[in-house]
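Remarks on the overall topology
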Amino acid sequence: MFNVSFNATAIRLTSLTAAASVSVLLAACGGGTGSAQYSIDSNGNLTSATATTKLANGSTQTTTISSTPATTSGSTTTTTTTGTTTTTGTTTTTGSTTGTTTGTTTGTTTGTTTPTTTTTPTTTTTPTTTTTPTTTTTPTTTTTPTTTTTATMPYGQTGTAWTMTFSEEFDGTALNSARWNDNIWYETSNATKNYAVSNGSLKIWPQRDASGKFFNRTIDTDGKYYQTYGYYEIEAKLPIGKGTWPAFWLFNHIDVRRPEIDIMEAYAGGGPASGWSDANLHPTAYAPTVWIDAGRLAGTKTILTTDLSAAFHKYAVKWEANKQTFYFDGREVYSVAVTMPDRMYIMLDLWYGSASGQPDSTTPTGSGNSYTINYVRAWKAN
């Protein structure tokens, strides 16, 4: 709602006063192109008026006012006018206008009003987006392989330069068939498995086969590795029990000749009286032996030791053209001065019999009672 005061005297002074009154109405409508109708009484007071305007934005605005005289002072009458403005389109405006009208005029005026327009622009804002990509990082991993260090010199040897010619560290999970056989040349391999390669060692243990009998097991390099002279060494722990006969030796079957160097042979079954074992049949002695041929013994000696099943020990021979020297944990224990010119291969075995007697129900079987070899190495003198 709004109030408008008109000066009646000013309306009487000129014929343009009616148009001025219309302009007031058009301005109240917000400006544009339109028309207005109004009425005044005999006293020159505006009693009613209607203005219709088409606005610049395309909508239609209608304003209606009516007035009631309030007070008269001299020749001036102050009129209070109440009106309503309605916009068809976008806006409905209610307001109050106070004005002064002078004169008595009845008429209809059509006019054009150019309004002052304030435009608020519509702004579309496209936000700036910063995207942080998700990054997957694959770390670079450096793997240092586990390395088995092989001694370049025989254990405890000084004064002679050696070149390693054979090294078996048993690092895999199976016997290397390119190097080893699992039976001696005159026997077939027993189908019952009583050996394994695991955790860096070869294990051979007492076992009964399908027939219920204990059987020999030989692991050798026959046909795969031979050498004449040099230094040969193993590190091993021996089994216990009646009849067990573990050995480490060099051998060859040449026509009818059988040259042989037994680096270690141990007998558990001989019992305390023989000096080979204690009361529980733990091996406490071994014998290095040289055979020129089958039945032609060149020399042998029993080496008394501690329990050979309790810990690992090193067994070795230095084989020269006219002499064989035997070592236990790097210490010389025996020598034989004899010529042994034939090349030989390496043998590891667990047999039964001889001074050990025959195994029986007291002999422990299974891998827990094994002849365990950590390595086999050979060198040649430079």
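Since the structure is predicted, the reported quantities are computational estimates derived from the model, not experimental observations.

This paragraph deals with the pairing of strand 16 (residues 289–293). The sheet contact formed by strand 14 (residues 260–265) and strand 16 spans 3 bridges and is antiparallel. What sits directly across from D262, in strand 16, is T289. Bridge count for strand 16 against strand 17 (residues 296–300) is 4 bridges, and the pairing is antiparallel. Within strand 17, the residue paired with D293 across the bridge is R296. What sits between the antiparallel neighbours strand 16 and strand 17 is a turn of 2 residues, in which G295 has the positive phi angle 85 degrees.

Take the environment of D307 next. Mapped onto the elements, D307 comes out in the loop between strand 18 (303–304) and strand 19 (313–320). For the pair formed by D307 and I240, sequence separation is 67 residues and the distance between their alpha carbons is 9.6 Å. Excluding residues that lie within four positions of it along the chain, D307 makes contacts with H282, P283, T284 and H313.

According to the stated counting rule, one finds 22 aromatic pairs in the structure shown. Ring plane angle 55 degrees and centroid distance 5.3 Å describe the contact between W249 and F251, whose orientation is recorded as tilted. Residue W249 is classed as buried on the basis of its relative accessible area, which comes to 7%. Take F251: its relative accessible area is 6%, and that puts it in the buried class. Members of the aromatic cluster, each reached through a chain of ring pairs, are W185, Y186, Y226, W245, W249, F251, Y267, W276, Y345 and W351. Positioned above the aromatic ring of F166, the side-chain terminus of R179 is 5.0 Å from the ring centre. Geometry around Y195 places K193 over its ring, the cationic atom sitting 4.8 Å from the centre.

In this section: the nonpolar core. Core analysis: the biggest nonpolar cluster contains 44 residues, and L202, F248, Y315, L348 and Y371 have the highest contact counts within it. Here Y315 is in contact with Y232, E233, I234, A236, L238, F248, I263, M264, Y286, L308, Y327 and F328, once residues within four sequence places are set aside. Core analysis: the second largest hydrophobic core is formed by 12 residues, A247, W249, W276 and A287 among them.

Right, let's talk about the pairing of strand 10 (residues 201–204) for a bit. Sheet analysis places strand 9 (residues 195–198) next to strand 10, joined by 4 bridges and oriented antiparallel. Opposite S198, over in strand 10, you have S201 as the bridge partner. Connecting strand 9 to the antiparallel partner strand 10 that follows it, the hairpin turn spans 2 residues, and N199 within it adopts a positive phi of roughly 50 degrees. When strand 10 meets strand 23 (residues 371–381), the two strands line up antiparallel, connected through 3 bridges. Considered in strand 23, the bridge of L202 is made with I373.

The next point concerns the sheet that holds strand 17. Strands sit in the order 11-22-13-14-16-17 across an open sheet of 6 strands; the sheet is antiparallel. The sheet terminates laterally at strand 11 (217–220) and strand 17, the two strands that pair on one side only. If you compare each strand with its neighbour and ignore which way they point, the axes differ by 20 degrees on average.

Let us look at the environment of Y327. Here Y327 is to be found in strand 20 (residues 323–328). The class of Y327 is buried, set by a relative accessible area of 8%. For the pair Y327 and I263, spaced 64 residues apart in the sequence, the C-alpha separation amounts to 8.6 Å.

Evaluation of the coordinates by the stated rule reveals 6 salt bridges. Across the pair E169 and R377 runs a salt bridge whose closest N-O atoms are separated by 3.0 Å. With a gap of 208 residues between them, E169 in the loop between strand 8 (162–168) and strand 9 and R377 in strand 23 connect regions that are remote in the sequence. In this pair, the class of E169 matches that of R377, namely buried.

What follows deals with the confidence of the model for the chain. Model confidence for the chain is summarised by a mean pLDDT of 77, while 62% of its residues fall at 70 or above. Considering only residues more than four positions removed or in separate chains, one finds that residues 1–31, a stretch of pLDDT under 50, has 113 contacts. The model gives residues 75–79 a pLDDT under 50, and that stretch makes 20 contacts with residues more than four places away or in other chains.

Okay, unusual backbone geometry next. We note that N199 has phi near 50 degrees; this positive angle belongs to a residue other than glycine. Structurally, N199 can be placed in the loop between strand 9 and strand 10. Its identity is not glycine, yet D329 carries a phi of approximately 50 degrees, on the positive side. Along the chain, the position of D329 falls in the loop between strand 20 and strand 21 (331–336).

The rules behind the values
Residues numbered from 1 in each chain as written. Predicted model: local features only at pLDDT ≥ 70, side-chain atom pairs only at ≥ 80, totals over all residues. Heavy atoms only, no water. Pairing = 2+ DSSP bridges. Helix = DSSP H or I, 4+ residues; strand = E, 2+ residues; numbered from the N terminus. Contact = heavy atoms within 4.5 Å. Phe/Tyr/Trp six-rings, centres within 6.5 Å; stacked < 30°, edge-to-face > 60°. Buried < 20%, exposed > 50% of the residue type's maximum accessible area, 1.4 Å probe, protein only. Lys NZ or Arg CZ within 6 Å of the ring centre and 35° of its normal. Core = buried A, V, L, I, M, F, W, Y, C linked by side-chain atoms within 4.5 Å. Axes fitted to C-alpha atoms, helices over the stretch in contact; angles between N-to-C directions. Salt bridge = Lys/Arg side-chain N within 4 Å of Asp/Glu carboxyl O. pLDDT = per-residue confidence, 0-100.

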